[in-house]
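Letter by letter, the chains look like this.
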Amino acid sequence: MPRRRQSVHLGSGSDGTEDSDSSAEREQTNSSESDGNMPKRTRLTRASLRLSQSSQDTPDVKRVGDHDESPPLTPTGNAPSSESELDISSPNASHDESVAKDPALRDSDKDLSHRPKRRRCHETYNFNMKCPTPGCNSLGHLTGKHERHFAVSGCPLYHNLSADDCKVKATTREKHEEESKVQEESNRHATRHQMPTSKQTRYKEQVTEMRKGRNSGLPKEQKEKYMEHRQSHGNTREPLLENITSEYDLELFRKAQARASEDLKTPQEKLRIQGQITEGSNMIKTILFGRYELDTWYHSPYPEEYARLGRLYVCEFCLKYMKSQTILRRHMAKCVWKHPPGDEVYRKGAISVFEVDGKKNKIYCQNLCLLAKLFLDHKTLYYDVEPFLFYVMTEADNTGCHLVGYFSKEKNSFLNYNVSCILTMPQYMRQGFGKMLIDFSYLLSKVEEKVGSPERPLSDLGLISYRSYWKEVLLRYMYNFQGKEISIKEISQETAVNPVDIVSTLQSLQMLKYWKGKHLVLKRQDLIDEWKAKETKRGSNNKTIDPSSLKWTPPKGT
């Protein structure tokens, strides 16, 4: 009697519709039960075993398509991609028997050779959050300001100190800093070329006296002590530094170490020290995104059942997040998305920009915000996406349009903010895409005939990118300017940059002077020549936005 046809429900996404077979995998070790062409040890899911059995029992019965809910069709109406398009990184993973017997699918597997291997981006952080120094209990900090540390740079034991010693040194440094501030306040209104005071002269003599014996050799006993310390601890401890130089220079070195340990803390360590991340808290450490494995920088409020896994699998086209690679593989086999939803408003070469309405594509925009929070510190908006428009930049190849970065802007901004949040994905950083996103936001402001500015506060990387962009815009304007008098208002109208941002950039470039009751803009030819030389060196391959490739009209209302 023929076996009844079985329907297979595949895939799961961020909507929580997970198949019961997605988390269970078993090893098939008996080679007599598998096909001769398959290896002896093959990892098969229950769904694939049912498919193989049904194909052997009823070869004339066609396979039933899955009835699970699939993502919406893209504007181009692309058909669902086959499972042969997947990037299978595990050598043990294989298709089921029914797929292997299909010659069309078997031939399509050859097309995977052109796909690049999955790459890992960014250095891995110490997510165990314990000091790696042997014998250290992570208590105290080299700066003396914190109760715990999680890196060698802040470990008192590594620097041959105790937590109490660090606190005493921190108190002494604070007293010296307060005395220096008081001295600066008293000397603020003094003449510029005043003679050194008697106190300063005595201090200079004391420093000179302390430094007299710093070049003298060490006694034999101290040398043996230092060698014994080096042999017993190796590279796990800092070498003993006492009596190698003067106490004054050693104290300066300790002060520099403490300041460096404060600056070198990773984002996760800062959150741990501040108490925002506890020992058992959930934090996603890595995400699998397309052919990249990315280390995260900050905490993102994904649902607890996903965050506690530590590793997330994200579809690079629809941005749905999943729990395992098996679920991701099944999802990719039926995901029809090859580019972001919305309207394509810009295309030049492989670079495209899509305008996505947060009201029409709410789930996609929420997933985009959750993904961006993994790499942004100041982002606080995750779910209220309806008042915003998202401009998503992609790079296209034969597999689809891959996410490069995005920026969001309010539909109706009373302060004329042209950017609310901006992000370049880590695998595309330091390649010019950040400036392209900024330039595109100002291009939209020009079309709207408005003067724009990014919403504050900016992240550290965002501030660096914007300052670099404003500098380049001003120097280009100065280079092309042929008149004798220049005004900040004219620069603002032509470049769509806010006058406040122009003034701050001119001040940082030392191109704004106050003379005889007027503010003057100086044309520094050395900076212009330096910018022109860099522009020439970049050549025609420089990533820029072409205004003629924009096909966009300002949206009316909300």
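Refer to the structure presented above.
Small disclaimer: the values here were computed from a predicted structure and weren't measured. (Residues numbered from 1 in each chain as written. Predicted model: local features only at pLDDT ≥ 70, side-chain atom pairs only at ≥ 80, totals over all residues. Heavy atoms only, no water.)

Q: Break down the overall build of the protein for me, citing the residues and quoting the values.
A: Secondary structure summary: the protein contains 16 helices and 16 strands in total. When burial is assessed residue by residue, the protein has 41% of its 558 residues classed as buried. Counted over contacts in the protein with a minimum sequence separation of 6, partners at least 24 positions apart contribute 62%. (Helix = DSSP H or I, 4+ residues; strand = E, 2+ residues; numbered from the N terminus. Buried < 20%, exposed > 50% of the residue type's maximum accessible area, 1.4 Å probe, protein only. Contact = heavy atoms within 4.5 Å.)

Q: Pulling in residues and values, what's your account of the nonpolar core?
A: Within the largest apolar cluster, 91 residues are counted, with the highest numbers of intra-cluster contacts made by Leu371 and Phe440. Aside from chain neighbours lying at most four places away, what touches leucine 371 is Ile287, Phe289, Tyr302, Leu319, Leu403 and Met425. (Core = buried A, V, L, I, M, F, W, Y, C linked by side-chain atoms within 4.5 Å.)

Q: Now, about the packing of aromatic side chains: what can you tell me, with residues and values included?
A: Scanning the entire structure with this criterion turns up 14 aromatic pairs. With a centroid separation of 5.4 Å and an interplanar angle of 15°, the aromatic rings of tyrosine 442 and tyrosine 469 are classed as stacked. In this pair, tyrosine 442 sits in helix α12 (residues 433–447) while tyrosine 469 sits in helix α13 (residues 460–480), placing the two residues 27 residues apart along the sequence. Tyrosine 469 shares its class with tyrosine 442; the two are buried. A cation over an aromatic ring shows up here: lysine 323 above the ring of tyrosine 306, its NZ or CZ 5.3 Å from the ring centre. (Phe/Tyr/Trp six-rings, centres within 6.5 Å; stacked < 30°, edge-to-face > 60°. Lys NZ or Arg CZ within 6 Å of the ring centre and 35° of its normal.)

Q: How would you summarise a negative patch on the surface if you had to cite specific residues and measurements?
A: On the surface, Glu174, Glu177, Glu178 and Glu179 cluster together into a negatively charged patch. Along the chain, the position of glutamate 179 falls in helix α4 (residues 163–187). (Patch = residues over 30% accessible without salt bridge, like charges linked within 9 Å, V, L, I, M, F, W, Y side chains within 5 Å. Areas by Shrake-Rupley, 256 points an atom, 1.4 Å probe, with all protein chains shown as cover. Salt bridge = Lys/Arg side-chain N within 4 Å of Asp/Glu carboxyl O. Lys, Arg positive; Asp, Glu negative; His and termini not counted. Charge placed at Lys NZ, Arg CZ, Asp CG, Glu CD.)

Q: Describe the pairing of strand β5 (residues 292–295), and please don't skip the residues or the numbers.
A: Alternating positions in β5 separate into two faces, Tyr292 and Leu294 on one and Glu293 and Asp295 on the other, with burial throughout. Direction of pairing for strand β4 (residues 286–289) relative to β5: antiparallel, over a ladder of 4 bridges. Across the sheet, residue phenylalanine 289 finds its bridge partner in β5, namely tyrosine 292. Counting the residues between successive antiparallel strands, the hairpin from β4 to β5 contains 2 residues, one of them, glycine 290, with a positive phi of roughly 65°. (Pairing = 2+ DSSP bridges.)

Q: Got a sec to walk through the packing of α13 against helix α16 (residues 525–538)? Specific residues and values, please.
A: Packing of α13 against α16 leaves a shortest axis separation of 10 Å and a crossing angle of 105°. With respect to α16, the axis of α13 lies roughly perpendicular. In this structure, α13 contributes Glu472, Leu475, Arg476, Met478 and Tyr479 to the contact, and α16 contributes Leu527, Ile528, Trp531, Lys532, Glu535 and Arg538. Here the contact of α13 with α16 is composed, by residue class, of 6 nonpolar, no polar and 5 charged. (Axes fitted to C-alpha atoms, helices over the stretch in contact; angles between N-to-C directions. Parallel < 35°, antiparallel > 145°, perpendicular 65-115°, else oblique. Nonpolar A, V, L, I, M, F, W, Y, C, P; charged D, E, K, R; others polar.)

Q: Requested: an account of the packing of α13 against helix α15 (residues 499–508), with residues and values cited.
A: It is at 10 Å that the axes of α13 and α15 come closest, and there the two elements cross at 85°. In terms of axis orientation, α13 runs roughly perpendicular to α15. The segment α13 lies against α15, with Trp470, Lys471, Leu474 and Met478 engaging Asp501, Ile502, Thr505 and Leu506. For the contact of α13 with α15, the class distribution of residues is 5 nonpolar, 1 polar and 2 charged.

Q: Tell me about the state of the cysteines, and name the residues and values.
A: Overall, the coordinates contain 0 disulfides when judged by the stated rule. Unpaired in this structure, cysteine 136 has its nearest cysteine sulfur neighbour in cysteine 155, at a distance of 3.6 Å. Sulfur of cysteine 421: no disulfide; nearest cysteine sulfur belongs to cysteine 369 and is 6.9 Å away. Overall, cysteine 421 belongs to the buried group, its relative accessible area being 10%. (Disulfide = S-S within 2.5 Å.)

Q: How would you explain α15 if you had to name every residue and give the values?
A: Three or four residues apart is the spacing at which side chains of an α-helix point the same way, because the helix has 3.6 residues per turn. Taken residue by residue, α15 has Asp501, Ile502, Thr505 and Leu506 as its buried positions. Projected down its long axis, α15 carries its buried residues within an arc of 135°, all on one side. Exposed residues pointing more than 90 degrees away from the buried face of α15 are listed as Val500, Gln507 and Ser508. Between the side-chain oxygen at the start of α15 and the backbone nitrogen of valine 500 there is a gap of 2.9 Å, and the oxygen is on asparagine 498. Positive phi appears at glutamine 510, one or two residues downstream of α15, with a value of about 60°. (Arc of directions from axis to C-beta. Polar contact = N/O pair within 3.5 Å; in protein donor to acceptor, adjacent residues only side chain to side chain.)

Q: I'd like a rundown of the environment of leucine 506, residues and numbers included.
A: Along the chain, leucine 506 falls in helix α15. A C-alpha to C-alpha distance of 8.9 Å links leucine 506 and leucine 522, two positions 16 residues apart in sequence. Sequence-distant contacts of leucine 506, defined by excluding residues within four places in its chain, comprise Leu474, Met478, Ile488, Met511, Leu512 and Val521.

Q: Help me get a handle on α16, residues and values and all.
A: With 14 residues, α16 ought to run about 20 Å at 1.5 Å a step, and its terminal C-alpha atoms sit 20 Å apart, in line with that. Taken as a whole, α16 has its buried residues at Leu527, Ile528, Trp531 and Glu535. All buried residues of α16 project into a common sector of 100° when viewed along the axis, lining one side. For α16, the exposed residues set more than 90 degrees away from the buried face come down to Thr536 and Lys537. Next to the buried residues of α16 lie α13. Downstream of α16 by a residue or two, glycine 539 has a phi angle that is positive, lying close to 80°. (Expected span 1.5 Å × (residues − 1).)

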